[in-house]
Amino acid sequence: MKNYLDGGEAILEAFRKLKIDYIMSSPGSEWSPVWEALARQKLDDKAGPAFVESWHETLAVNMATGYTLITGRPQAVLLHAGAMQNEVPMVVMSGESQTLGEDPALDIEQQWYGGLTVGGIERFVEPVAKWARAVTSPHTLYESVIRAGEMAQRVPKGPIYLNVALEHMLHDWTPPAVAREVPPAPTLRPRQEDVAEIVELVRNAKSPVIVTETAGRDPKAFSALEEFADLLAIAVINGRVNAYANFPTNHPLYLGMGRYKALDDADLVLLVGARAPWYPPRRRPTSGKIVAIHDHPFKEHMVYQSLHADCYLEGDIAESLTLLIAAAKSAKIDAAAVSARRQRWSREHDGYVAELRAEREKAQNGSAIDPLSLLGALGEVMPADTIYVDETITHSSLIRQHLPQTTPQSFFRGSGGLGQGIGTALGIKLAAPERPVALLVGDGSFLYNPIIQALGASKRHELPIIIVVLNNRKYEAMRMGHVHHYPDGASASKDLHFGVTIDGPDYEELGSHFGFHGQRVENRAELEGALQSALAATQDGRTAILNVVVSR
């Protein structure tokens, strides 16, 4: 057996130095040097990344995203030749031939000539990656991968793409004489004078309010936000598109998602991890000052953004909040004003919770399943440490209002196009195997996913999740958008809609080929039992698909 030391080993060693846990891939023949290196790693019982195989490239990217959302650590994705919005660090690579069989000294696979090669795939990837380049020679391969991993983790975080020639991977590789350990990305701190300025604003504010969208991506920021709000009795609302569990929804200072009424008399608004909190963006929600707290408040990948911020506290969110807490404790705070605010917001919170409860109780009428009945049943049946992944459209607002989000990393919602939900949920399960993971997905959104490939990955890698399909048998978002623009048009007047009806399959049967649990649920009385059976199936190691026919 020949022990090859080539570019495949260089790539794997770079992944080891970057402390990458998994290589996610829909395998391609251009990666034979990496597969050979992985085989040697296994035979030599050497520590290094594990291989996670998927049957679809999008699935590989989504699983890496889900894993990184939980751990914060970037992973490697290997694609065939051929996630910037969430700011997820990732090293994405694909390979192709450069010599196309014309090098008499190298017998390259014939598939490249007139087939797979596109000649510089990085030019197609550039608009959707943080950075995209071709590896220029076998002698730059190892350090190029190291550089990509380090760059992916720097603010703004994002996917780095490398196009690697198969010839470079097949070339002999000489490891560096001194292989440095790659340091982690630094935690960025805001300027101390900016911290002092913001604390002074908070100290003088009579009615400050916090609006958050992405603070909960970091569990430390979730805890720091709770401590900061509690210290000063500041009301907290989730922005209109919160993508994470940012603040305990059962906390007496929590006032809901997208409920901007609390800002009517606010003299200070703290935007904590906000991307696009206002809509329309021209509408400034307060005459008071607005402070943006974020390590990367300006999103260069967004075509338009208007935060209306009067000042910025730029740095790691958890670190910024920790510094604000320390400064606030040292400052002279009006205890009576804090106490009065706490009483006011506690009353508001109790009223808000009562409204939600009344909505769920109203939904219990009749035997049909209102989405709120489903959400109520989830709250009753699912364990407190459940992680929910949302890939719905018309039901998303209800989900974020009514699902309990009381602990860090208990809720995630992807950004960008549909079709990422199952892969993201599987990646989250890979990172948090001890916690139940439930994907809530509309029937329309579900059909955007690589379903068979994702179920195959669930089976192959023993990643049992609960998939709850909210089946209203239509693309309701399509109908709503049409009616919004043409309220008195032909479609609305005659109930004649195109691109709306979904004549879908029996979703509950789609996992049967893999031995998975499936159940169709049409009656409200069946909900809790169905959820209990699905949970039991996942505890037995099998993914469960519930096809829940909802009334709206």
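The preceding data block contains the structure.
In this text the structure is predicted, and so the values were computed from the model without any measurement. (Residues numbered from 1 in each chain as written. Predicted model: local features only at pLDDT ≥ 70, side-chain atom pairs only at ≥ 80, totals over all residues. Heavy atoms only, no water.)

Brief notes about the sheet that holds strand β4 (residues 90-96)
The 6 strands are arranged β2-β1-β3-β4-β6-β5 in an open sheet whose pairing can be described as parallel. Of all strands in the sheet, those bounded by a partner on one side alone are β2 (50-53) and β5 (131-134). Direction aside, neighbouring strands of the sheet carry axes that sit 20 degrees apart on average. Here β5 runs beside strand β6 (residues 159-165); their pairing, made up of 4 bridges, is parallel. Of the residues in β6, the one forming a bridge with Arg133 is Leu162. Sheet strands touched by helix α2 (residues 32-43): β1 (22-25), β2 and β3 (75-79). Its angle to β1, the strand with the most contacts, is close to 140 degrees. Relative to the sheet, helix α3 (residues 57-71) contacts β1, β2, β3 and β4, its axis offset from that of β3 by approximately 175 degrees. (Pairing = 2+ DSSP bridges. Helix = DSSP H or I, 4+ residues; strand = E, 2+ residues; numbered from the N terminus. Axes fitted to C-alpha atoms, helices over the stretch in contact; angles between N-to-C directions. Contact = heavy atoms within 4.5 Å.)

A look at the packing of α3 against helix α13 (residues 421-431)
Close contact between α3 and α13 brings their axes to 6 Å; oriented N to C, the two are set at 45 degrees. As summarised for this structure, α3 and α13 are arranged oblique, according to the angle between their axes. The chirality of how α3 crosses α13 is right-handed. Residues Leu59, Asn62, Met63, Gly66, Tyr67, Leu69, Ile70 and Thr71 of α3 form the contact with α13, whose own contacting residues are Gly423, Thr424, Leu426, Gly427, Ile428, Leu430 and Ala431. Its residues placed into classes, the contact of α3 with α13 shows 9 nonpolar, 6 polar and no charged. (Parallel < 35°, antiparallel > 145°, perpendicular 65-115°, else oblique. Left-handed = near helix turned anticlockwise from the far one by under 90°. Nonpolar A, V, L, I, M, F, W, Y, C, P; charged D, E, K, R; others polar.)

As for helix α11 (residues 371-381)
In terms of burial, α11 is largely enclosed, as 8 of its 11 residues are buried. Of the positions making up α11, those classed as buried are Pro371, Leu372, Ser373, Leu374, Leu375, Ala377, Leu378 and Val381. (Buried < 20%, exposed > 50% of the residue type's maximum accessible area, 1.4 Å probe, protein only.)

With respect to the pattern of salt bridges
In this structure the tally under the stated criterion is 28 salt bridges. We note a salt bridge from Glu319 to Arg189, for which the minimum N-O separation is 2.8 Å. Pair noted here: Glu319 is in helix α9 (residues 317-330) and Arg189 is in the loop between α6 (166-170) and α7 (192-204), with a separation of 130 residues, a long-range link. Residues participating in the shared-partner salt-bridge network are Glu9, Glu13, Arg16, Lys17, Lys19, Glu36, Arg40 and Glu181. (Salt bridge = Lys/Arg side-chain N within 4 Å of Asp/Glu carboxyl O.)

Notes on the sheet that holds strand β9 (residues 254-257)
The strand order across the open sheet built from 6 strands is β9-β8-β7-β10-β11-β12, with neighbouring strands paired in parallel fashion. The open sheet is flanked by β9 and β12 (311-314), the only strands paired with a single partner. The mean inter-strand angle of the sheet, taken between neighbouring strand axes irrespective of direction, is 20 degrees. Of the strand pairs in this sheet, strand β7 (residues 208-212) and strand β10 (residues 268-272) are connected by 5 bridges, and their pairing is parallel. Residue pairing in the sheet places Val209 in a bridge with Val269 of β10.

By themselves these figures say nothing about function.
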